[in-house]
Amino acid sequence: MIFQERTYSVLIVSASEKMDNQLRTLLPGAEYYPVQRAKSVGEARRLLLGASFDLVLIHTPLKDDFGTQLAIDVCVDSAAGALLFVKSELYDSVNARVMEYGVVTLSMPSSSALVSQSLHMLCAQRERLRRMELKQQSVQNTIEEIRLVNRAKWLLIECLNMTEADAQRYIEKQSMDQRITKRRAAENVIKTYS
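So, here's what we can say about the structure.

The rules behind these values
Residues numbered from 1 in each chain as written. Predicted model: local features only at pLDDT ≥ 70, side-chain atom pairs only at ≥ 80, totals over all residues. Heavy atoms only, no water. Core = buried A, V, L, I, M, F, W, Y, C linked by side-chain atoms within 4.5 Å. Buried < 20%, exposed > 50% of the residue type's maximum accessible area, 1.4 Å probe, protein only. Helix = DSSP H or I, 4+ residues; strand = E, 2+ residues; numbered from the N terminus. Contact = heavy atoms within 4.5 Å. Phe/Tyr/Trp six-rings, centres within 6.5 Å; stacked < 30°, edge-to-face > 60°. Pairing = 2+ DSSP bridges. Right-handed = clockwise from strand over helix to strand, strands pointing away. Salt bridge = Lys/Arg side-chain N within 4 Å of Asp/Glu carboxyl O. Axes fitted to C-alpha atoms, helices over the stretch in contact; angles between N-to-C directions.

### Thoughts on the nonpolar core
Item 1. Judged by nonpolar contacts, the single largest core of 21 residues is most densely connected at Leu 11, Val 13, Val 56, Ile 58, Leu 70, Leu 84 and Val 103.
Item 2. Where this core is concerned, the elements lending two or more residues are β1 (8-13), α2 (41-50), β3 (55-59), α3 (68-77), β4 (81-87) and α4 (91-98).
Item 3. Ranked by residue count, the leading element in this core is α3, at five residues.
Item 4. Among all residues touching Val 103, those that are not within four sequence positions of it are Ala 71, Ile 72, Cys 75, Ala 82, Leu 84 and Val 98.
Item 5. Of all hydrophobic cores here, the second largest spans 19 residues; its members include Val 10, Ile 12, Leu 23 and Phe 85.

Now the structure itself:
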């Protein structure tokens, strides 16, 4: 087995005890932890409200709903990957409905190798989304810092009659002299002059 730096949390949504047991044999604890189970769409939605999961495996049909809308909602509303197990005769129609949302569909019965490959594909998709989230967070932090610095500059311009260039230099100098970020220097200016 290859060393895993990260484990993936899994929610199995299945009314079938047998399917739950089969899936758990394909989810070694070194790669997939924790693994939780819901027996219905309603129970799955409650669990999804309280925790985030990396992978959601849905074995259709379920007691209270077929499960396709749950799979779509998981992909639309979170960064989790969804794997939908459907009967082979329903595969084409279900896959056509859910594919555009990023749901991976497997016809049942499927081999253990195919299910394992699909799980690894979902993990790769999850890592890609994780990197995108980090990049987006970095951009948002930069935008927030620019807003704070601009707000601080305008306060310096209004309260101390500085030019914009002088206000910018003042914030940068405070940052260097106090060994703090420009964001922190701007927050200090805002506290002082607001």
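So much for the structure itself; the text now carries on.
### Side note on the packing of aromatic side chains
Item 1. Summed over the entire model, instances satisfying the criterion amount to one aromatic pair.
Item 2. Where Tyr 8 meets Tyr 32, the ring centres are 6.4 Å apart and the plane angle is 45 degrees; that geometry is what we call tilted. Here Tyr 8, found in strand β1, pairs with Tyr 32, found in strand β2 (residues 32-38); they are 24 residues apart in sequence, far enough to count as distant.

### Some points on the pairing of strand β5 (residues 104-108)
Item 1. Alignment of β4 against β5, held across five bridges, turns out to be parallel. Its bridge partner lying in β5, Leu 84 is registered against Thr 105.
Item 2. In the classification by handedness, the crossover that spans β4, the intervening α4 and the parallel β5 is right-handed.

### Quick look at the pattern of salt bridges
Any two side chains of opposite charge can pair, on the condition that their charged atoms come close.
Item 1. Tallying each qualifying case throughout the model produces 13 salt bridges.
Item 2. In this structure, the salt-bridge partner of Arg 45 is Asp 73, at a minimum N-O distance of 2.9 Å. With Arg 45 in helix α2 and Asp 73 in helix α3, this residue pair connects regions lying 28 residues apart in the sequence.
Item 3. Salt-bridge contacts for Glu 127 lead to Arg 130; the nearest nitrogen and oxygen are separated by 3.3 Å. Taken together, the residues span about one helical turn, with Glu 127 and Arg 130 both in helix α5 (residues 112-160) at a distance of three residues.
Item 4. The buried category is assigned to Glu 127, whose relative accessible area is 19%.
Item 5. The structure contains a network of salt bridges with shared partners spanning Arg 6, Asp 54, Arg 126, Glu 127, Arg 130 and Glu 133.

### As for the sheet that holds β3
Item 1. Strand order in the open sheet made by the five strands is β2-β1-β3-β4-β5, with parallel pairing throughout. Among the strands making up the open sheet, the edge pair consists of β2 and β5. Looking at each pair of strands side by side, their axes are set apart by 20 degrees on average, direction ignored.
Item 2. Both β1 and β3 contribute to a ladder of four bridges, which runs parallel. Bridge pairing links Val 13 to Ile 58 in β3.
Item 3. Sheet strands in contact with α3 are β1, β3 and β4, and its direction is about 165 degrees off that of β4.
Item 4. Seen against the sheet, α4 touches β4 and β5 and runs at an angle of roughly 170 degrees to β5.

### Focus: unusual backbone geometry
Working note: non-glycine residues mostly have negative phi, and peptide bonds are mostly trans.
Item 1. The linkage connecting Tyr 33 with the following residue, Pro 34, adopts the cis geometry, with an omega of -10 degrees.
Item 2. Structurally, the position occupied by Pro 34 is in strand β2.
Item 3. In this structure, Pro 61 follows Thr 60 across a cis peptide bond, with omega equal to -10 degrees.
Item 4. Phi is positive for Asn 161, close to 55 degrees, though the residue is something other than glycine.
Item 5. With respect to the element layout, Asn 161 can be found in the loop between α5 and α6 (164-178).
Item 6. In this model, Arg 179 sits at a positive phi of 55 degrees, which is unusual for a non-glycine residue.
Item 7. With respect to the element layout, Arg 179 can be found in the loop between α6 and α7 (182-193).

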